[in-house]
Each structure stands twice: as C-alpha cells, then as structure tokens.
Amino acid sequence: MTEGTAGMFSGHNTKGRVLIVDDEPDVRKVIKMALTKAGYDVIEAEDGEKAIAAIKEGENPLLLDVIISDIRMPKVNGVEAINYFQQQWPSVPLIVLTGFPDMEMATGFIKKGIVDYLVKPVEKEKLTAAVAKAIDQREITRL
Amino acid sequence: MTHTQGETPLVSERQAETQPRINVVILGAGKGGRALLESFLNLPRIHLIGVADKDEKAPGLKLARRHHIPTTQDALPLIQQPDIHLIVDVTGDPSFSQNIYRHKHPNAEVLGGAASKVLWDIIQHESLMQTRLFQAEKLAGMGTFASGIAHDINNPLYIILAMAEAIQDETDTASIHQYATSIRDAAQRIQTISQNITHYARASQSEESFPVPVQETLDEALKIAKFATKFHEITVIQNYHDHITIDSKPEELLQVFVNLMINAIHAMENQGLLTLTAENQNGVVLVSIADTGKGISAEHLPKIFDPFFTTKAPGKGTGLGLYNVRSIVRKYKGELTVDSQVGKGTIFSIVFPSVDPTHK
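All figures in this text were calculated on a predicted structure; none of them were measured in a lab.

## What about the interface of chain B and chain A?
Reasoning step 1: Counting residues at the interface gives 25 residues for chain B and 27 residues for chain A.
Reasoning step 2: Of the roughly 2,200 Å² buried at the junction of chain B and chain A (both faces included), carbon and sulfur atoms supply 56%.
Reasoning step 3: Counting the contacts that link chain B with chain A gives four salt bridges.
Reasoning step 4: With a closest N to O distance of 2.8 Å, K37 of chain A and D169 of chain B form a salt bridge.
Reasoning step 5: Taken together, the links from chain B to chain A amount to eight residue pairs in polar contact (both at pLDDT 80 or more).
Reasoning step 6: Breaking the side of chain B that touches chain A down by element, the ones donating at least two residues are helix 6 (113–169) and helix 7 (173–203) of chain B.
Reasoning step 7: With 16 residues, helix 6 of chain B is the largest single contributor of residues to the side of chain B that touches chain A.
Reasoning step 8: Partitioned by chemical class, the residues of the side of chain B that touches chain A number nine nonpolar, nine polar and seven charged.

## Quick look at the packing of helix 3 (residues 48–57) of chain A against helix 4 (residues 78–88) of chain A
The packing of two helices is summarised by the inter-axis angle and the distance between the axes.
All names here are of chain A.
Reasoning step 1: Their axes nearest at 9 Å, the elements helix 3 and helix 4 cross at an angle of 25 degrees. With respect to each other, helix 3 and helix 4 are oriented roughly parallel. Taking contact as the criterion, the partners of G48, A51, I52, I55 and K56 in helix 3 are, on helix 4, A81, Y84 and F85.
Reasoning step 2: Tallied by class, the residues present in the contact of helix 3 with helix 4 amount to six nonpolar, one polar and one charged.

## Notes on the environment of D22 of chain A
All names here are of chain A.
Reasoning step 1: Within the fold, D22 resides in the loop between strand 1 (17–21) and helix 2 (25–37).
Reasoning step 2: Aside from chain neighbours lying at most four places away, what touches D22 is V27, R28, A45, E46, D70, M73 and K120.
Reasoning step 3: A polar contact of 2.8 Å, which involves the side chain of D22, links it to the side chain of K120.

## Comments concerning the pattern of salt bridges
Reasoning step 1: For the coordinates displayed, the defined rule picks out 14 salt bridges over all chains.
Reasoning step 2: For the salt bridge of R189 of chain B with E24 of chain A, the shortest nitrogen-to-oxygen distance reads 2.7 Å. You can see R189 of chain B sitting in helix 7 and its partner E24 of chain A sitting in the loop between strand 1 and helix 2, one on each of two chains.
Reasoning step 3: Residue E24 of chain A is classed as buried on the basis of its relative accessible area of 13%.
Reasoning step 4: Where salt bridges share partners, they join K37 and K124 of chain A together with E165 and D169 of chain B into one cluster.

## Considering the sheet that holds strand 5 (residues 109–111) of chain B
Residue and element names in this part refer to chain B.
Reasoning step 1: Spatially, the five strands line up as an open sheet ordered 3-2-1-4-5, and their pairing is parallel. The sheet is open, and its two edges are formed by strand 3 (71–72) and strand 5, each paired on a single side.
Reasoning step 2: When strand 1 (residues 22–27) meets strand 4 (residues 86–89), the two strands line up parallel, connected through four bridges. Looking at strand 4, one finds that L27 is bridged to D89.
Reasoning step 3: Contacts from helix 5 (residues 94–103) reach strand 1, strand 4 and strand 5 within the one sheet, and its direction differs from that of strand 4 by about 170 degrees.

Parameters at a glance
Residues numbered from 1 in each chain as written. Chains lettered and ligands numbered in written order. Predicted model: local features only at pLDDT ≥ 70, side-chain atom pairs only at ≥ 80, totals over all residues. Heavy atoms only, no water. Contact = heavy atoms within 4.5 Å. Buried area = accessible area lost by both parts, 1.4 Å probe. Salt bridge = Lys/Arg side-chain N within 4 Å of Asp/Glu carboxyl O. Polar contact = N/O pair within 3.5 Å; in protein donor to acceptor, adjacent residues only side chain to side chain. Helix = DSSP H or I, 4+ residues; strand = E, 2+ residues; numbered from the N terminus. Nonpolar A, V, L, I, M, F, W, Y, C, P; charged D, E, K, R; others polar. Axes fitted to C-alpha atoms, helices over the stretch in contact; angles between N-to-C directions. Parallel < 35°, antiparallel > 145°, perpendicular 65-115°, else oblique. Buried < 20%, exposed > 50% of the residue type's maximum accessible area, 1.4 Å probe, protein only. Pairing = 2+ DSSP bridges.

Following this line, the structure appears as structure tokens:
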C-alpha cells in the first residue's frame, strides 16, 4: 500500500483529499467524520452543480484525490455529474455511494471505470478501504 | 387525437365501436351469474337489459344494482321484452328452460344448458388468466417500488448507524446531543415511510366496492409514485374541484392512479409538471393525469393499451401496466382515453359515471 504518500502530491498533510457530493447534510457529516478520523482531508458539495463549480472555481482538480458521489440529487444529478467528472478530470478516481442496492446500476458504473459502488448504510471500514484503493489508483495515474 | 393514426388496432376494439350492440338478459345471479355479469360489464358491445334471480339477495343482483342494471325476481316479464337479442340462462334449473321458450320474444336467442356451462368455464378460465396478469404486473412493479423504498430508508439508516457509532466514541455532551438529534430526525423519516407503506398494504384487503374519495386516493397514489421513481424537479399541480367519490375498491383505484403517475413521471425524465385533476362535469366524474414529458409517438399511441406492449428494454416492463389500468377503469364503468403530443406531453383522462346522488 502506498497510503500516506498522496499527501506529498496533494500538498496537504493528510492521506489525501476527498470531495463528498451528497444532498443530505447529515450524510455528508457522517462520511466526513469517518474520513477525517481515518486521516483524510474532506471538502463537501450538496449537488453535482455545486461540486463542478467548487472544483472549477477554487479547488485545483490536481489537488483532489477522490470524489465520492451520490447518484440521486437535485439539479445536476450524480449520474450526470459522474459523466462530467470523468470527461473533465479523468485522472480523479470516483466512488459511488448510494441508497440504491441496484446490481445492474453498479455493474454499469464499474464498467465505466469507477473504483467502487457502495450502498448506504456502508461500514466505516468498507468506506475507508474504498478510499484507500482509489488513492492507490490515483498514484498510478500520476506516476 | 386518440387512437387515430397508423397501425392496425386491436380487432375487438374496432368491432365494438362499429358493430351494433347486443341486448342481453341474464337469468340466475348466483356465483355463475355474477361472474358472467362481471365479464359482460367489460365488453362494450354487450348491453345488459336486466338480471333476474328468485333470491333477492343473490350476489349477481347486488352487483347489477351497483351498475344501475335493472334487476328482478320475476324473470318472465323481463324475457318478454321485444328488443332482447340473447337470454343467458345460468339458473341451473332444467325445468325453467321450457318456461323461457314459452314466454320469450320469438326474436330472442337462448343460451342455456350445456352451452351456458361451457361459457361459464371459459369465463372462469379467463378470470384466472386475468388474475395472473395482474399478479405478474404487480410483481414487476414491486421491483422498482422496493428499490425506491430501499433508497429512501437507506439514507436515514446510514445516518442513524453512523451517528450512533459517533456517540460511542464521543465524550463532548454538546456533540452527543447533536448526534442524537440527527438520529431522531432520521428515525422519524423512516417512520413516515413505514406509515405510507402500511397504508398501501392495508388498502389491498377490501372485498367490496364502496364510494372511494378521489382526492385522497390521488394524494395517496402520489406518495407511492414518489417511491417508485426518481422524483426531483417535478412540480405537482393539484386541481381538485369538488368532493368526488368513485364506487370502487380503493386498492384498485389506487393502482390505476399510481400506474398513470409513474408513467407520467418516467415520461418526464425527472423534470416537468405533473397536473392532477379531479372534477364533476355534467354528472360524470373526470379524473386526469397530465405530464409535460416526451409524449407518445403516433405509431405507438394506438397500441399502448394492448397487453404486453412495451417500449422498455426486455426485463424492464411487463407491458401490462396500461392494459390493467384500463381493465380496472372499465370494470367500474369508466372510460380511459389518452391524448399525447411528442415533445409536449401526455394526458390520460378517465371518465366515470357519477354515483354520488348529491352530484347529479
């Protein structure tokens, strides 16, 4: 595992920088708690539109290690957002975190190249493992 | 713009519109008579002149009265009427059949004895098939329904589990208090969902028809349709003009509305205007469900009520939704029509005869 080295690339003293996209503040809060505790730096957006705006305006996508996104949100929904992220920033790994336990949808996303499709409620360990795996992948694309 | 263009429509439909109607009398309103009556009510070409049974409380007489079909305990005056084309005898009483031939108008044909038993068998078989079709559609619908509910429950459930874990690791009272509030809010959301589902489940237990309030049923259907679809960015307009009831089984009326709403929401692909209308117009009840979705092509429009017609991918739709919706509507003497424009939207309208005596 190359965990811990991402910080060097990101310019942060953490294991990596994660963008959470979910329309529910409490959901964002619990993801943030789990990831902060595991040593990640977290930024939030409440929908796809805001996420895109956040990355474009302030956050240099090169400083972003992972995006965790729901797929059912108002305005720009997660599916649209994920397509957009993949086009604009193909090197940033994506994780879908959703309430839909839908096998077909999961397979579709995995085929498109996302790192993992997680279903809420997700265990902390599973979430952090997925993020760690995504960061490994990020390392590879950077090298 | 209903059913006008292209493609060959269902033959039976066309015949019903162009061929003269058949005036029918049913003698015997027991189990067999009631089943016959129920099927005949769905056939637009058959016009029921009356139903007779010696027993005033026969189930068929009860059903006939509800549909405003004349009933009598004395069959003889009924069969003497000159405009009757067909007398269906399901009394099961061989001695009575001679009476029929003696008293009936010479032009009327009689279907009795073994022939009526064969008809009864066919109808039983058909009703069994119908039940299976309904079941198939219900099971298929259950899939989307269940994943919608799962989604709505999984979000608050995630919050509850994660916040509870956070409380276990937390010593700061203010933070614990905040986490507990989040847990309570999330649990209340699950409670609301649970209440909505139980209401739906309870609704499918009624045996008899009774005047069902339309507005409440539309609102109930909307709650359920939200589960079965992605529902963001859709504005709902509720045009409820009067307090209206439709004589029906509440779960069947609910099924009609839920089905039409889910179709409407799917057609809009998560964005648009859903207009629900319920009003009394010249003694009839008019209910319509209109969307601003992609519309139905002229090529598809004549086929949408056909059984097994679907534009969805294999495994996604049974093609029985609208077929079942129309069967239910017809069962309650209503008529379902559709008007659609590609790119603009679709409106499904149902006209029911008004049963409430206060709304003549």
